[in-house]
Amino acid sequence: QVQLVESGGGLVQAGGSLRLSCAASGSIFSMLRMGWYRQAPGKQRELVAAITSAGTTSYADSVKGRFTFSRDNGKNTVYLQMNSLKPEDTAVYYCRGTRGQVEYWGQGTQVTVSS
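Just so you know, these numbers come straight off a predicted model, no measurement behind them.

**Some remarks on the nonpolar core**
A general trend in soluble globular proteins is that nonpolar side chains are found buried together. Of all hydrophobic cores here, the largest spans 30 residues; its most connected members are M34, W36, L80, M82 and Y93. Among the elements of the structure, strand 3 (18-24), strand 4 (33-39), strand 5 (46-51), strand 7 (67-72), strand 8 (77-82), strand 9 (91-99) and strand 11 (109-114) are those that each provide at least two residues to this core. If you tally residues by element for this core, the top one is strand 3, at 4 residues.

**What to know about the environment of G55**
Structurally, G55 is set in the loop between strand 5 and strand 6 (57-59). Residue class for G55 comes out partly exposed when judged on its relative accessible area of 34%. Each C-alpha atom, one on G55 and one on S30, is 9.7 Å from the other, the two residues being 25 residues apart in sequence.

**Points about the state of the cysteines**
Within this structure, the stated rule accounts for 1 disulfide. Across a sulfur-sulfur distance of 2.1 Å, C22 and C95 are joined as a disulfide pair. On the sign convention where negative is left-handed, the bridge of C22 and C95, at about -80° about the S-S bond, is left-handed. With C22 in strand 3 and C95 in strand 9, this residue pair connects regions lying 73 residues apart in the sequence. In this structure, C22 and C95 share a single accessibility class: buried.

What counts, and at which threshold
- Residues numbered from 1 in each chain as written.
- Predicted model: local features only at pLDDT ≥ 70, side-chain atom pairs only at ≥ 80, totals over all residues.
- Heavy atoms only, no water.
- Core = buried A, V, L, I, M, F, W, Y, C linked by side-chain atoms within 4.5 Å.
- Buried < 20%, exposed > 50% of the residue type's maximum accessible area, 1.4 Å probe, protein only.
- Helix = DSSP H or I, 4+ residues; strand = E, 2+ residues; numbered from the N terminus.
- Disulfide = S-S within 2.5 Å.

Here it is in structure tokens:
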């Protein structure tokens, strides 16, 4: 069983930065494909960024060039560095880990960007 715990959310002004962390329990972290999702009020949850077990990253067009996804397998943690934040980035951000058909979700962390 894997538990994911996000941290690092908060309130920031437009143009500012935040770094989200997602710490995982369990011994299979390095084998997990990880993703950051976000859900704004009244909207569907959307994929923001993903990283494979080998460290290959991909990003939604809306965050490309502003967000950086990384992982530290030694610390069982992934990070989402968010720069040049915009009000439309405001959402609850969730961490997800998958291995085959099995998925794990964190509880989410709120990110609010004021204009």
